[in-house]
Amino acid sequence: MMLTKELKKKYAELELQLHPDCKKLLDGWEELKKKYSGETFAFKVRDKTLDIPFTNTSLSGIGIKKIYLPRYSDWGDILKWQLQENVPGEFPYTAGVFPLKREGEDPTRMFAGEGGPERTNKRFHYVSLGQPAIRLSTAFDSVTLYGEDPDHRPDIYGKVGNSGVSIATVDDAKKLYSGFNLCDPKTSVSMTINGPAPIILAFFMNAAIDQECEKYIKEHKISIADSGLPMADLPKYNGPLPEGNNGLGLQLLGLSGSDVLPANVYEKLKAKALASVRGTVQADILKEDQAQNTCIFSTEFSLKLMGDVQEYFIQHAVRNFYSVSISGYHIAEAGANPISQLAFTLSNGFTYVEYYLSRGMKIDDFAPNLSFFFSNGMDPEYSVIGRVARRIWAKAMKNKYKANERSQKLKYHIQTSGRSLHAQEIDFNDIRTTLQALYAIYDNCNSLHTNAYDEAITTPTEESVRRAMAIQLIINRELGTAKNENPNQGSFLIEELTDLVEEAVLTEFKRIAERGGVLGAMERMYQRNKIQEESLHYEHLKHTGEYPIVGVNTFLSKNGSPTIIPEEVIRSTAEEKEFQITALNAFKKRHSEKSAEALNHLQQVAINNENLFAELMETVKHCSLGEITHALFEVGGQYRRSM
Amino acid sequence: MSLPLKNKVRIVTAASLFDGHDAAINIMRRIMQAKGAEVIHLGHNRSAREIVEAAIQEDVQGIAITSYQGGHIEFFKYMYDLLQERHCGHIKIFGGGGGTILPSEIEELQQYGIARIYSPDDGRKMGLEGMIEEVVTQCDFDTTQQSEIENQQLDLNTTNWKEIAQLITLAENGKVVIKSLKSTIPVLGITGTGGAGKSSVTDEIVRRFLKNFPDKTIAVISVDPSKKKTGGALLGDRIRMNSISSPRAYMRSLATRESDRALSKHVQEAVDICRAAHFDFIILESAGVGQSDTSILDYCNVSMYVMTPEYGAATQLEKINMLDYADVIAINKFDKAGALDAFHDVCKQYKRNHLLFETKNEDLPIVGAIASQFNDAGVNHLFELLMKKVKEKTGAEFHVKHTSAKATTSRSQIIPPARVRYLAEIAETIERYDEWADEQSEIARKLYQIDGTITLMDKEK
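Residues numbered from 1 in each chain as written. Chains lettered and ligands numbered in written order. Predicted model: local features only at pLDDT ≥ 70, side-chain atom pairs only at ≥ 80, totals over all residues. Heavy atoms only, no water.

Caption draft 1: Spatial organisation of the overall build of chain A. Along the backbone of chain A there are 27 helices and 13 strands. Over its C-alpha atoms chain A spans a radius of gyration of 26 Å, differing by no more than 12% from the 26 Å that the globule rule assigns to 643 residues. A principal-axis box enclosing the C-alpha atoms of chain A has dimensions of 100 × 70 × 55 Å. Within the span of chain A, comprising 643 residues, buried residues form 58% of the whole. Summarising the internal contacts of chain A: among those between residues at least 6 apart in sequence, 76% fall at separations of at least 24. (Helix = DSSP H or I, 4+ residues; strand = E, 2+ residues; numbered from the N terminus. Rg over C-alpha atoms; globule rule 2.2 N^0.38 Å. Buried < 20%, exposed > 50% of the residue type's maximum accessible area, 1.4 Å probe, protein only. Contact = heavy atoms within 4.5 Å.)

Caption draft 2: The arrangement of the sheet that holds strand S13 (residues 447-449) of chain A in detail. Residue and element names in this part refer to chain A. Ordered by their spatial adjacency, 4 strands build an open sheet running S10-S11-S12-S13, and the pairing between neighbours is parallel. With one partner strand each, in any of the chains shown, strand S10 (324-327) and S13 form the two edges of the open sheet. Between one strand axis and the next, the sheet turns through 25 degrees on average, direction left out of account. (Pairing = 2+ DSSP bridges. Axes fitted to C-alpha atoms, helices over the stretch in contact; angles between N-to-C directions.)

Caption draft 3: Focus on the side chain of His266 of chain B. Residue and element names in this part refer to chain B. Within the element layout of this structure, His266 appears in the loop between strand S9 (249-255) and helix H8 (267-276). Judged by relative accessible area, His266 falls into the buried class, the value being 18%. If we ignore the near neighbours within four places in the chain, the residues touching His266 are Ala171 and Glu172.

Caption draft 4: Spotlight on the pairing of strand S1 (residues 10-15) of chain B. Residues and elements named next belong to chain B. Among the 6 residues in S1, 6 count as buried, and that is most of the element. The alternating pattern of S1 places Arg10, Val12 and Ala14 and Ile11, Thr13 and Ala15 on opposite faces, both of which are buried. As judged from the 4 bridges shared by S1 and strand S2 (residues 38-41), these two strands associate in the parallel manner. Paired with Ile11 across the strands is Val39, a residue of S2. Remark: the S1/helix H1 (residues 23-34)/S2 crossover connection has right-handed handedness. Summarising the sheet, S1 and strand S3 (residues 62-66) pair through 5 bridges and their orientation is parallel. Counted as the bridge partner of Ala15 is Thr66 from S3. (Right-handed = clockwise from strand over helix to strand, strands pointing away.)

Caption draft 5: Focus on unusual backbone geometry. Residues and elements named next belong to chain A. Cis geometry marks the peptide bond from Phe91 to Pro92, where omega comes out at 0 degrees. Relative to the elements of secondary structure, Pro92 occurs in the loop between helix H4 (75-84) and strand S5 (110-112). Positive phi outside glycine occurs at Asn86, with the angle close to 65 degrees. With respect to the helices and strands, the residue Asn86 is situated in the loop between H4 and S5. Phi at Glu425 takes a positive value of approximately 45 degrees, unusual for a residue other than glycine. Along the polypeptide, Glu425 turns up in the loop between strand S12 (412-416) and helix H19 (429-442).

Caption draft 6: Region of the structure containing a nonpolar patch on the surface. Residues and elements named next belong to chain A. Residues Met378, Ile431 and Leu435 make up a contiguous nonpolar surface patch of roughly 260 Å² in combined accessible area. If you trace the backbone, Leu435 turns up in helix H19. The exposure class of Leu435 is partly exposed, given its relative accessible area of 44%. (Patch = residues over 30% accessible without salt bridge, like charges linked within 9 Å, V, L, I, M, F, W, Y side chains within 5 Å. Areas by Shrake-Rupley, 256 points an atom, 1.4 Å probe, with all protein chains shown as cover. Salt bridge = Lys/Arg side-chain N within 4 Å of Asp/Glu carboxyl O.)

Caption draft 7: Quick peek at the packing of helix H13 (residues 299-315) of chain A against helix H26 (residues 612-619) of chain A. All names here are of chain A. The geometry of H13 relative to H26 is characterised by a closest axis approach of 7 Å and an angle of 80 degrees between their N-to-C directions. One way to sum up the angle between H13 and H26 is to call them roughly perpendicular. Across from Phe301, Lys304, Leu305, Asp308, Val309 and Tyr312 in H13, the residues of H26 making contact are Leu612, Phe613, Ala614 and Met617. For the contact of H13 with H26, a count of residues per class yields 8 nonpolar, no polar and 2 charged. (Parallel < 35°, antiparallel > 145°, perpendicular 65-115°, else oblique. Nonpolar A, V, L, I, M, F, W, Y, C, P; charged D, E, K, R; others polar.)

Caption draft 8: View of the environment of Phe366 of chain A. All names here are of chain A. Inspection of the secondary structure assignment puts Phe366 in helix H16 (residues 363-366). Taking the C-alpha atoms as reference points, Phe366 and Gln489, separated by 123 residues in sequence, lie 31 Å from one another. Dropping the residues within four chain positions of it, Phe366 is found in contact with Gln310, Ile314, Val353, Tyr356, Leu357 and Met361.

Caption draft 9: Highlighting the pairing of strand S7 (residues 218-224) of chain B. All names here are of chain B. Extensive coverage of S7 is indicated by the burial of 7 of its 7 residues. Residues Ile218, Val220, Ser222 and Asp224 point to one face of S7 and Ala219, Ile221 and Val223 to the other, with burial holding for every one of them. The sheet contact formed by S7 and S9 spans 7 bridges and is parallel. Directly across from Ile221, in S9, lies its bridge partner Arg252.

Caption draft 10: Here's a closer look at the interface of chain B and chain A. At the interface, 82 residues of chain B touch 86 residues of chain A. Here chain B meets chain A over a buried area of about 7,400 Å², counting both sides, of which 63% is carbon and sulfur. Area buried by chain B at its contact with chain A is led by Phe18, Ile414 and Tyr433 of chain B, which between them contribute 11% of it. Between Glu425 of chain B and Lys400 of chain A there is a salt bridge whose closest N-O contact spans 2.7 Å. Linking chain B with chain A are 34 residue pairs in polar contact (both at pLDDT 80 or more). Residue assignment for the side of chain B that touches chain A shows that the elements contributing at least two residues are H1, helix H2 (48-57), helix H3 (72-85), helix H4 (103-112), helix H5 (120-138), helix H7 (198-212) and helix H12 (422-460) of chain B. Here the residues of the side of chain B that touches chain A sort into 33 nonpolar, 22 polar and 27 charged. (Buried area = accessible area lost by both parts, 1.4 Å probe. Polar contact = N/O pair within 3.5 Å; in protein donor to acceptor, adjacent residues only side chain to side chain.)

Honestly, it's all geometry; don't read function into it.
Have a look at this one:
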């Protein structure tokens, strides 16, 4: 009796030390188990509750639930699990940021970028025909990536429209996305551009706004010709419209809605468009300086531009568009191992957070506009890259930055590793991609791109892209265990790896901190050197065969598995290049009276340290990409290379 | 192992325009250096014209380019055409682009006159070293052989880049002796410790010079050390230069060719050749020097010492000879911690050295600057001060229009100094959370155990 009393006293003492949040978690455990044991799952979306089917039945008749909870009895184990793992959709979001995956939408993007805007537009329509959701991913040619205009100068000319689309003006952007309703919630557009990202983004936003204007003009039967604007020589879509393109976005080619509509109407339509557009612009200048080298402005000026974009997004309620895609992909492609990829990417993310905070923005106003982009390779650490990223982000956001739940949720796109594709035995590449895709899907990625097997040697073909898409579809629709959405939880290996990788990332954070944070470390080329060292380490082991790669350094075929060289590769045609240059010259001519003043005004805004993105939204109506970057070089400084 | 070379081999390396893939060319240029070549590395994203002009000004035998972004046919042919146009067809072009350059295209380019484009198969057959040895060996020729310069009078102007460059080569090779000219053309000597940002400061001075004086010309002679072991050198100053690509500017990189010097033996001749070409202003930039080196003073009218706030204890300043001699002292990277203390310490030392105890700090020729910052007020001030010193010392008048009033005075703070530990704080926050989670779980575990025991005992009751 005495003993029981003693025990109860001890219990009461200990219970006082238990944090109320932890007590709540423990008290709610039985309730939680009940919630996850039904045939359906009550899913809250804003203020509605949906009952979603929770079980898939196999051919043998076994019901596979979407989420399984641990069978622990010990409160210590239960609490630890809730504090470090928890169900998907609950802090620290280790297993995922949403309770369940989205139904009926495979996280598949539609990639295109070749030739001029018309060819890419045609391709976009071809790949998205009949799809319920439009998820366009845009690759730009290297001329555009470096912020220059197409030109006859041979060293520029040869690159126009190759390995990406040539976009030099707002009219090009309008053509590129014509026939897609950019303000429809089912349309989302991603743009892989960094150095000149704010300018291309302003092209895109104007294209979206002018689509809204076009709808209004048609609805109210307003005549553009009556607006008194010069109607001669307006640009046109080159060639017939492809199947699926209804012409939306082409009516105002050469014009802006603000030329045609009364200011108050235009402002209303603009506000509506800005609040509706969905998509992502990569715009991650830190990883460019660390790994990919498409910097054009000085790093500080680039960061200022990014901050201006984010500030504009907050002021104009651009809620469904990611202002940056904080990317580890290119860091990994340059040779970083998965731990460095994750540590550098997250530290870059926190650098943007600190910079935006220092500019007076509020954490919960901008954190939901941040997204992440990782690479998935073969190394064991890749199996937990999403888990560790989500967990670190959530813990830091909640405890360090006091951010709300929405801000704590790290969402990411992931792409299978391009570096792991080899030019020998290229058929084997799909096998690697499949395994990497499985890692990604088991890890509950928010969006996935699977590379085509021939990408190591050439521009992928329709056939190879279809196979790459099939990889995702086969896993999602055929693979039985992928019907479950938390297959990683409860694995001893996965739990161990998660802890080890998290610890390694935090150690790297401290190393970067010792060097003055991300920017201080960059000044000493710390990240760049580390990536190079890790790349050499891999090359060395690949060379000696210690790191086996089937069909490359082991298991060679009878003829030695030679490198495959493509017969020919897809290149832009002379006609396309000429059309782009002609269109650009016509644009410059049409705007010759206004462009100089617009550029001058832009420079003044820079000198006065005002918001440059707000001004760019106007500048792009009259100026080309190259004109704008050159004007900005004079007030913001060019990128200075280093060794 | 370095190759037995008859001539000093000089090669310009770069990645092509709009192409950020610089990993391969960086590996190649290191091997070239190890083989004994002097490499002028331009880095990534370089236009055909920039590369060709650098090659001519530097009087190299070869250009080595990687191109992974397409457009290689046009790019390589254009470089070839530009060289021909400028009568520099002797400069050989080498290239590579992995699998992006098709075999048929390799053939087309080599037919056109490109010395060699290497394919992945060449890489496998010859190895990296084999390819580089071939490049360096093919570049082992005398660029000045066909030149008629030797017998010509020095009738040069600032646009005769090829002739200027080849004369400097001849001087370096001891083939001509240039008599020192009596000249009023001012020479600014820039020296300082390695890593102080001399090249960035130089670039910013050149930019301001070209902008302020639209009819003036400038020559930059920049010295980097040779490696004793291989004889090779990385001449890396051009990579930092954004402003040099102008018809009014000429730049030449020299290797010391003796490893323990901050300057080449032929600096005086190079300066005299530039004077003979009637440049209006000459900048001589030395390799990074130790605390005692003052050799630049023998070659310049006005000297500037570039340092950073990171020199260690104030007593270190007592050992720096240039604090006695430099006309101007620039404390670069002035955004670094302790910059104001450094300024104070350097002023104090300067006053002691020059017995100027009564002078105010602001009146000393000591300027804090941030060369990496665009339109930095410190660099503007530095430029004005330098031009003033030039006038005092040489009489050459360079009147600086007052520089932009909107210059950036302090570092536009990306991360405020008080927040610079953010990553460490995040790591600590997470570690604290993890510890807390462990503690709480332990408490929960004990509660579970006690609860179990009580239940058990209640049952036995």
